[in-house]
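Residue-level listing of the chains:
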2 protein chains.
Amino acid sequence: MKAEIVAVGSELLLGEIANTNAQYLSEWLATCGIDVHYHTVVGDNRERMVEVVTRAQERAELIVITGGLGPTEDDLTKEVVAELLGRTLHVDQPAYDRIEAFLKTRGRTMTENERKQALVIDQADVLTNQAGLAPGMSVQTPDHQYILLPGVPREMKRIIADHFDHLLGKETIKSRTLRFFGIGESALNDRLADLIRTARNPSVAPYAELAEVRLRLTAKALDEQVALDMLDALEQQVLAEVGSHFYGYGETSLPEVVLDRCREAGLTLSAAESLTGGAFASGLTDIQGASAVFRGSAVVYADAAKVNVLGVPQTLLDEQTAVSRDVAVAMAEGARKLYQTDLAIALTGEAGPTSNSGQAVGTVYCALAHSGGTEVLELTYPAFDRGMIRLRSVKDAYFMLLQNISPADEMNKK
Amino acid sequence: MKAEIVAVGSELLLGEIANTNAQYLSEWLATCGIDVHYHTVVGDNRERMVEVVTRAQERAELIVITGGLGPTEDDLTKEVVAELLGRTLHVDQPAYDRIEAFLKTRGRTMTENERKQALVIDQADVLTNQAGLAPGMSVQTPDHQYILLPGVPREMKRIIADHFDHLLGKETIKSRTLRFFGIGESALNDRLADLIRTARNPSVAPYAELAEVRLRLTAKALDEQVALDMLDALEQQVLAEVGSHFYGYGETSLPEVVLDRCREAGLTLSAAESLTGGAFASGLTDIQGASAVFRGSAVVYADAAKVNVLGVPQTLLDEQTAVSRDVAVAMAEGARKLYQTDLAIALTGEAGPTSNSGQAVGTVYCALAHSGGTEVLELTYPAFDRGMIRLRSVKDAYFMLLQNISPADEMNKK
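Here the structure is a predicted model, which means the values were calculated and not measured. (Residues numbered from 1 in each chain as written. Chains lettered and ligands numbered in written order. Predicted model: local features only at pLDDT ≥ 70, side-chain atom pairs only at ≥ 80, totals over all residues. Heavy atoms only, no water.)

Turning our attention to the pattern of salt bridges. One pass over the structure, following the stated rule, counts 50 salt bridges over all chains. Between Arg108 of chain B and Glu114 of chain B there is a salt bridge; the shortest N-O distance is 2.4 Å. Look at Glu114 of chain B and you get buried, because its relative accessible area is 14%. A salt bridge links Asp396 of chain B to Arg392 of chain B; the shortest N-O distance between them is 3.5 Å. Here Arg392 of chain B and Asp396 of chain B lie together in helix H16 (residues 386-404), a separation of 4 residues that amounts to about one turn. Here Asp396 of chain B matches Arg392 of chain B in class, with each residue buried. Each of Glu27, Arg179, Glu209, Glu212, Arg214, Arg216 and Lys395 of chain A takes part in a single network of salt bridges with overlapping partners. (Salt bridge = Lys/Arg side-chain N within 4 Å of Asp/Glu carboxyl O. Buried < 20%, exposed > 50% of the residue type's maximum accessible area, 1.4 Å probe, protein only. Helix = DSSP H or I, 4+ residues; strand = E, 2+ residues; numbered from the N terminus.)

As structure tokens, this is what we get:
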């Protein structure tokens, strides 16, 4: 099946926002084995919208349209599609009730424009919008399927998530995302080359993210349980090959998994940061509930601060420089003592662009202090720029923690 | 003039990347007074590319095409446009020399594919690419202008920047970006309503960014100096109205300006962070050369850490809770002493979603300790989510610093 994604909205043509919806939908459709041949963006203009949808009818079977479902007079998507299909619009009672209930909480009654959001195309499958007021819809004709979605990314994604497994036909489609760290996309592709190339249903597709790789597994079957069993079997094959780099499912992140594991194991955590300058701590405290595990971080950018705040011996700094194994150890042990935690991470290194310590740019030491001693990882990122060296170092520290905490870890308890 | 932006690349249709080039180009063209009517994305497929460019010829006068200029066999943009215009390709000697020189530094000779990057369309204006090997080009026909640009965003932006002022005709176009903080887009729109609505040349356009607003001023004139004078005059009008929120020009950022101002004034800086958990420090240390000014930050997420690391009195925490004016002051003064700096910022508050201190979610105290004493700002962000409260707080702290440092500040020196 060939697909075209049409985004409606003058804000896109003015460059106020990027068309990230098209990216999200493209990945979803690729997952489902559907080829996207075109993306088109058009403004809130009836004549040009008619032209674009007519053109899409000529070159695609599935037409996904985002935007233009809102309450203003500029919102024309339903009207244009209905007109092209020779259908009319009617009020969808559940959508109407949702709008009314929402306005009631605001102490208001419905305006004519707000009512417009409850209108749907005749014979459409209405796709309830749990994240907003305007529902999506799926319209089937002999030659085409049209999927109309709101332009607000949060609402668009929520509708896809809620209706994912039956939106594209009678088969159930189930998908699962596995997250990996410490292996590049090309290395992972090599290790899984046969699976990625040959597996069609279930299928597996890699996506590179900042210093990480996601694998999306997808299975289609008439029965939901069959699809889930297919995913389980494929996941086992994948993990047998690259399981040592796997760290979590779906929308999770390394710091989130670190906090979960520490919480489960009853461990507290602190840090001492030189080259990462607070980014390790900031990544953890971005996550709600971090305070149950994370006590704090001594950001010691200047050498004097390493001495005064963490008690790193001045002689050690003089002899070894701040970018050294021994200073990393002293920082981690200093933080563990200062914050009185079970675990402490220290990060020191040369982020560049020039070296102050005499060590090569991209040299990083990551130390982990725990009740049984202190371990150090020496990392080298010779070809990376400053921002990437810092980002990688933070993620390496999270991953080092994960590899050292068992799910129910008692070893590291004080 | 009507424009269409065409992006070529199967990676866009697979959802691997978003079409951020179209956003960037749309903003640039809006700046130049050109209406963008469509964006189109098409894969690396000759037949579909011909279809898309032919369609663009029917509905636009300016056609900007990104991508497909690289060395692989999939890169077809030049070939397709040349074919449609009945022109041939020839080797551009300067581009050829650049590729050869680059390969020489790698100790390699040119392959046939690499040579392909030096091919340009006959009679095109070649747009030198200072950030890569494939040049862009501008082709004029009686009915259309075609601008071909590389798909790599860094290269695309560099070519626009280098050729900006003459790419769209004989007039010189000059543009200047002013950055504002502490004023919302709608408030700024209100204050500048007349200017934004009536000014056409020079023009002024607002763009909202994370908790900030950019204003883009643009002037067209046959003479460069005239255009620059027009920008100066418009800037004065803008700053007369909203100058108290202005903090910098162009691609700068709040932490960058903070570091510059501190460096000029010879001031050192440290921080104590509770609710922002290292994000204040991380924003500063993202910037190369931060170590000349910034000594470090005590991330004290747990109350015990506030006591142990910064010497905040336990009684104060018991009586006032961690989210209080007095604790913010004690944290700032503790950091200033611990890191031995001229200035110290402290941030404490309730990021939510629930309150631990009894203070309302969104309550933030930002303290600035300097040689003359300690000042506190009380901020409230009632309707913001956790991430936005943290982001805003960090930026408020940077802005508080800027408002307290004069360009050549001696007052705060110890």
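What follows continues from the structure just given.
Turning our attention to helix H11 (residues 254-265) of chain A. All names here are of chain A. Helix length check: H11 (12 residues) gives 16 Å between terminal C-alpha atoms against 16 Å at 1.5 Å per residue, within 8%. For H11, every residue scored as buried is listed here: Leu254, Pro255, Val257, Val258, Leu259, Cys262 and Ala265. One or two residues past the end of H11 sits Gly266, with phi positive at roughly 70°. (Expected span 1.5 Å × (residues − 1).)

Residues and elements named next belong to chain B. Following both chains from N to C, one finds helix H11 (residues 254-265) and H16 inclined at 30°, their axes separated by 9 Å at the closest point. With respect to their mutual orientation, H11 and H16 come out roughly parallel. Between H11 and H16 the crossing geometry is left-handed. Together, Leu254, Pro255, Val257, Val258 and Arg261 of H11 and Lys395, Tyr398, Phe399, Leu401 and Leu402 of H16 make up the contact between the two elements. (Axes fitted to C-alpha atoms, helices over the stretch in contact; angles between N-to-C directions. Parallel < 35°, antiparallel > 145°, perpendicular 65-115°, else oblique. Left-handed = near helix turned anticlockwise from the far one by under 90°. Contact = heavy atoms within 4.5 Å.)

So, on to the domain arrangement of chain A. Note on interface size: it is often stated as the accessible area lost on association of the parts. All names here are of chain A. Here chain A is described as being made up of domain 1 (2-166), domain 2 (172-249) and domain 3 (254-404). Each partner contributes residues to the interface: domain 1 has 7 residues there, and domain 2 has 10 residues. Summing the contributions of domain 1 and of domain 2, the shared interface buries around 780 Å²; its carbon and sulfur component is 45%. Its largest share of buried area at the contact with domain 2, domain 1 owes to Glu27, Thr31 and Asp165, together 64% of the area lost on that side. The salt bridge partner of Arg214 is Glu27, with a shortest N-O separation of 2.9 Å. Seen at the junction of domain 1 and domain 2, the total is 4 residue pairs in polar contact (both at pLDDT 80 or more). (Domains from an automatic or database assignment. Buried area = accessible area lost by both parts, 1.4 Å probe. Polar contact = N/O pair within 3.5 Å; in protein donor to acceptor, adjacent residues only side chain to side chain.)

Moving on: the nonpolar core. Within the largest apolar cluster, 80 residues are counted, with the highest numbers of intra-cluster contacts made by Leu269, Phe280 and Leu401 of chain A together with Leu269, Phe280 and Leu401 of chain B. Beyond its immediate stretch of four places on either side in the chain, Phe280 of chain B contacts Leu269, Ala271, Glu273, Phe294, Ile345, Leu347, Val394, Ala397, Tyr398 and Leu401 of chain B. In terms of nonpolar packing, the next biggest core, distinct from the first, is built from 51 residues, Val327 and Ala346 of chain A together with Ala344 and Ala346 of chain B among them. (Core = buried A, V, L, I, M, F, W, Y, C linked by side-chain atoms within 4.5 Å.)

Take the interface of chain B and chain A next. The interface of chain B with chain A comprises 56 residues on the first partner and 56 residues on the second. For the pairing of chain B and chain A, the buried interface totals around 4500 Å² over both sides, and the portion due to carbon and sulfur atoms is 51%. When the buried area of chain B at its contact with chain A is split by residue, Leu13, His39 and Tyr301 of chain B rank highest and sum to 12% of it. At the junction of chain B with chain A, the criterion picks out 42 residue pairs in polar contact (both at pLDDT 80 or more). Here the residues of the side of chain B that touches chain A are counted per class, giving 27 nonpolar, 19 polar and 10 charged. Inspection of the sheet shows strand E14 (residues 294-300) of chain A paired to strand E14 (residues 294-300) of chain B by 5 bridges, in the antiparallel sense. Along E14 of chain B, the bridge assignment pairs Ala298 of chain A with Ala298 of chain B. (Nonpolar A, V, L, I, M, F, W, Y, C, P; charged D, E, K, R; others polar. Pairing = 2+ DSSP bridges.)

Residue and element names in this part refer to chain A. Bridge analysis of strand E16 (residues 363-370) against strand E17 (residues 373-380) gives 8 bridges, and the strand direction is antiparallel. Considered in E17, the bridge of Cys366 is made with Leu377. Hairpin remark: E16 followed by E17, antiparallel, with 2 residues in the connecting loop.

Residue placement: Arg55 of chain B occurs in helix H3 (residues 46-59). Filtering out sequence-adjacent residues up to four positions away, Arg55 of chain B remains in contact with Glu51 and Arg55 of chain A.

Inspection of the secondary structure puts Gln225 of chain B in helix H10 (residues 224-242). C-alpha of Gln225 of chain B to C-alpha of Cys32 of chain B: the two residues are 193 residues apart in sequence and 18 Å apart in space.

Moving on: the relation of the copies chain B and chain A. What connects the two chain copies is a rotation about an axis and a shift along it. Placing chain B over chain A gives an RMSD of 0.2 Å and needs a rotation angle of 180°, together with 0.1 Å of translation along the axis. Accordingly, the operation relating the two chain copies is best matched by a two-fold axis. Of the residues that chain B buries at the interface, 100% are likewise interface residues in chain A, meaning the two copies contact each other through the same surface. (Least-squares fit on C-alpha atoms with pLDDT ≥ 70 in both.)

With mixed pairing, the 10 strands of this open sheet are ordered in space as E17(A)-E16(A)-E15(A)-E13(A)-E14(A)-E14(B)-E13(B)-E15(B)-E16(B)-E17(B). A single partner strand is all that each edge strand has here, and the edge strands are E17 of chain A together with strand E17 (373-380) of chain B. Adjacent strand axes in the sheet meet at a mean angle of 15° when their direction is disregarded. Relative to the sheet, H16 of chain B contacts strand E13 (269-273), strand E15 (343-349), strand E16 (363-370) and E17 of chain B, its axis offset from that of E16 of chain B by approximately 30°.

What follows is about the sheet that holds strand E11 (residues 212-221) of chain B. Residue and element names in this part refer to chain B. One open sheet holds the 4 strands; their spatial order is E10-E11-E9-E12, and the pairing between them is antiparallel. Looking at the sheet topology across the chains shown, the edges are occupied by strand E10 (203-209) and strand E12 (246-249). Taking the axes of each pair of neighbouring strands and ignoring which way they run, one obtains an average angle of 25° across the sheet. The pairing of E10 with E11 spans 7 bridges and is antiparallel. Directly across from Pro206, in E11, lies its bridge partner Leu215. Its contacts with the sheet place H16 against strand E9 (172-181), E11 and E12, and it is angled at close to 100° to E9.

Residue Pro202 of chain B follows Asn201 of chain B across a cis peptide bond; omega there is 5°. In this structure, Pro202 of chain B sits in the loop between helix H9 (193-198) and E10. Each neighbour pair has its own omega, and for Gly352 of chain B with Pro353 of chain B the value is 10°, a cis peptide bond. You will see that Thr321 of chain A, though not glycine, has its phi angle at about 70°, which is positive.

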